[in-house]
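# Chain and residue survey
Read off the chains here:
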Amino acid sequence: MNQPHTRNSSPQQWGKKWDVMVLLLALLLTACAAAEELSSTSAAPERQSSIPAVTQTITRSAAPLRAERVLADVGLVTAMEFAPDGRLFFATKEGGVYTLDNIGQDTVSKKQILELEVAGGTESGLLGLALAPDFAQSRYFYLYYNVPNSAQEPVSSRIVRYTEKNNQAAGETIIVDDLPASPEQQYHFGGGLTMGPDGKLYLIFGDRNMTGAARDQQQLPGSILRYNRDGAIPSDNPFPGSPVYAYGIRNGFGLAFHPQTGQLYETENGASCDDELNLILPGADYGWGVHAWDACPYPDNVGQKPLHQWTPVVAPAGLIFYTGDLLPEFQGDLLVCGHNESKLFHLRLTRDGRALRQIQTVAVPGQVELCRVALTQGPDGWIYATTSSSLHRIGR
């Protein structure tokens, strides 16, 4: 049988074939270019190491940040939170609880709603405040403080609940009353009282300089504690019958939940090195008390490794996730107060929240002090921060 003579096609047929080949080649090149562009704009695979290499390249908006003073001479604010009605509740170490209204207007209205008698040691006093998730209906708010003796020394520590009525605190209900304290040991009581997305109360309870207690899951010092709103122990806590949620903690002041994943993060103070940012997992050990307290760098060969360490120490305190639209460069990221030099740090996590991608010190022109302890986000998208004695807000 005769075969077709494919080599002897007409010029017209070759022209048509050439046009088709050129078109196919063009489509192939376009597809390759698109694939290359997609590859170049996609995020690199996330690193799973606990302490990743950190760059200093967080993108900023073109307009500089600015700071506005909200209130002067407020004392050392240890905690603050906005209520649904726009009032700012804040607590001072000395025992005062206040509300601020009309923020951003010419006249800010400050009202003291409670004065607690608290221990007056270096690291004791009124250390935590949290509003109930249903505050608009229940009017409940919670406080964590050290109970004093006649010499103003700590003899116990409590979580209590009050009801706010017409800018006054009504009735103290003791929720937790078995947190140990003693006059001879006035350090490391922690703080960071926080209501979780699960409706539970979380508290950093420092090791009280008792490193052995931080290693013992049956002892409360050196732990993150978790309670029901009435002070009962949740049935799903990792250690049955115990409020201990995580242990091996030295001392800390900041707790924050990721707004999407619900993951819990904590700031922890080192001794002379290795301040930490930690991802807190239920039942996990964070290693404090394994080695001598003054080991520097502190070995991380036991328990969960920190997401980030600061050396020299910065004394990280207040901790929030920023969720506003006013400052898009911070959206979805962590902000941390650095007490020692009144700095504010911006930290960006990986997508899974298990490692740190970037960190930068926030700069505000003309503002030397940014944040000592307390930090929160306002309903207006501004960042509210406190120094040693004043309250200001950061925005544009």
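Predicted model, so just to flag it, every value in this text is computed and none were measured.

### Observations regarding the overall build of the protein
Per the secondary structure count, the protein includes three helices and 24 strands. Counting only residues that meet the buried cut, the protein has 51% of its 396 residues in that class. Within the protein, counting contacts between residues at least 6 apart in sequence, those at least 24 apart form 56% of the total. Accessible area of the protein: about 18400 Å², with a carbon and sulfur share of 51%.

### Looking at the state of the cysteines
One pass over the full model with this rule turns up two disulfides. For the protein, the bonded cysteines pair up as 1-2, 3-4 when numbered in the order they occur along the sequence.

### Some remarks on the confidence of the model for the protein
On average, the protein scores 87 in pLDDT, and the residues at 70 or more come to 84%. Every residue in residues 1-59 scores below 50 in pLDDT, and together they form 39 contacts with partners more than four places removed in sequence or on other chains.

### What about the side chain of T350?
With respect to the secondary-structure elements, T350 resides in the loop between strand 20 (343-349) and strand 21 (356-361). Here T350 falls in the buried class, since its relative accessible area comes to 9%.

### Some thoughts on the environment of E81
Mapped onto the secondary structure, E81 falls in strand 2 (residues 77-82). Between the alpha carbons of E81 and T376 there is a distance of 6.3 Å; along the sequence they are 295 residues apart. In this view, E81 contacts R87, L88, F89, L129, A130, L131 and T376; residues no more than four positions away in its chain are not counted. From its side chain, E81 meets the backbone nitrogen of L131 in a polar contact 3.2 Å long.

### Examining the packing of aromatic side chains
Inspection of every chain in the model, using the stated rule, returns twelve aromatic pairs. Arranged with centres 5.4 Å apart and planes meeting at 80°, the rings of F89 and F135 form a pair that is edge-to-face. Separated by 46 residues along the polypeptide, F89 in strand 3 (residues 88-92) and F135 in helix 2 (residues 135-138) bring together distant segments of the chain. With respect to burial, F89 and F135 carry one shared label: buried. For the pair W288 and Y298, a centre-to-centre distance of 5.1 Å together with 35° between the ring planes defines the contact as tilted. Of this pair, W288 sits in the loop between strand 16 (275-280) and strand 17 (308-310) while Y298 sits in the loop between strand 16 and strand 17, placing them ten residues apart in sequence. A residue is classified by how much of its surface remains accessible, and W288, at 8% relative accessible area, is buried. Between K110 and the ring centre of Y98, over which it is positioned, the NZ or CZ distance is 4.8 Å.

### A look at unusual backbone geometry
The omega torsion across C296 and P297 is 0°, close enough to zero to call that bond cis. Secondary-structure assignment places P297 in the loop between strand 16 and strand 17. The step from T311 to P312 runs through a cis peptide bond, and the omega angle for that step is 5°. Although it is not a glycine, N166 adopts a positive phi angle of roughly 55°. Following the sequence through the fold, N166 ends up in the loop between strand 8 (154-165) and strand 9 (168-180). Judged by its relative accessible area of 76%, N166 is exposed. Positioned with a positive phi, H188 is a non-glycine residue whose angle comes to about 60°.

### Details of the sheet that holds strand 15 (residues 264-268)
With respect to topology, four strands assemble into an open sheet ordered 14-15-16-17, the strand pairing being antiparallel. Because the sheet does not close on itself, it has two edges, and the strands there are strand 14 (252-257) and strand 17. Pairwise comparison of adjacent strand axes, ignoring direction, gives a mean angle of 20° for this sheet. Here strand 15 pairs with strand 16 via five bridges, running antiparallel. Within strand 16, the residue paired with E268 across the bridge is E276.

### Considering the environment of V302
With respect to the helices, strands and loops of the structure, V302 is situated in the loop between strand 16 and strand 17. Classification of V302 by relative accessible area gives partly exposed; the value is 29%. When the C-alpha positions of V302 and G287 are compared, they lie 5.3 Å apart, and in sequence the two are 15 residues distant. Excluding residues that lie within four positions of it along the chain, V302 makes contacts with R215, D285, G287 and V290.

### Here we look at the sheet that holds strand 24 (residues 391-395)
In spatial order, the strands read 1-24-23-22; together these four strands make up an open sheet with antiparallel pairing. Each end of this open sheet is capped by a strand with a single partner; those strands are strand 1 (66-71) and strand 22 (375-377). Going across the sheet, the axis of each strand differs from the next one's by a mean of 25°, ignoring polarity. When strand 23 (residues 383-386) meets strand 24, the two strands line up antiparallel, connected through four bridges. Following the sheet pairing, I383 is matched in strand 24 by I394.

The rules behind these values
The residue count restarts for each chain, going from 1 along the sequence in the order it is written. The predicted origin of the model limits local features to residues at a pLDDT of at least 70 and limits the giving and counting of side-chain atom pairs to 80 or more, whereas totals for whole chains, interfaces and linings rest on all residues. Hydrogen atoms and water are omitted, and side-chain values are computed over all heavy atoms in the structure. Runs of H or I in DSSP of at least four residues are treated as helices and runs of E of at least two as strands, each being numbered from the N terminus. Each residue is placed in one exposure class: buried if its accessible area under a 1.4 Å probe, protein chains only, is under 20% of its type's maximum, exposed if it is over 50%, and partly exposed if it falls in between. Here, residues are in contact when the closest pair of their heavy atoms is within 4.5 Å. We get accessible surface area from the Shrake-Rupley algorithm with a probe of 1.4 Å; when it comes to residues, only the shown protein chains can shield them. A pair of sulfur atoms, both from cysteines and within 2.5 Å, is called a disulfide here. pLDDT is a residue-level measure of predictor confidence that goes from 0 to 100. Pairs of N or O atoms are called polar contacts if they sit within 3.5 Å, as long as, within protein, a hydrogen donor faces a hydrogen acceptor (for residues adjacent in sequence, only side-chain-to-side-chain pairs). Two rings from Phe, Tyr or Trp (for Trp, the six-membered ring) form a pair when their centres are within 6.5 Å of each other. A pair whose planes differ by under 30 degrees is stacked, one over 60 is edge-to-face, and the rest are tilted. We call a charge positioned over a ring when the NZ of a Lys or the CZ of an Arg lies within 6 Å of the ring centre and within 35 degrees of the ring normal. Whether two strands pair comes down to DSSP finding at least two bridges between them. All axes here are fitted lines through C-alpha atoms, helices being fitted over the stretch that makes contact, and every angle between N-to-C directions spans 0 to 180 degrees.

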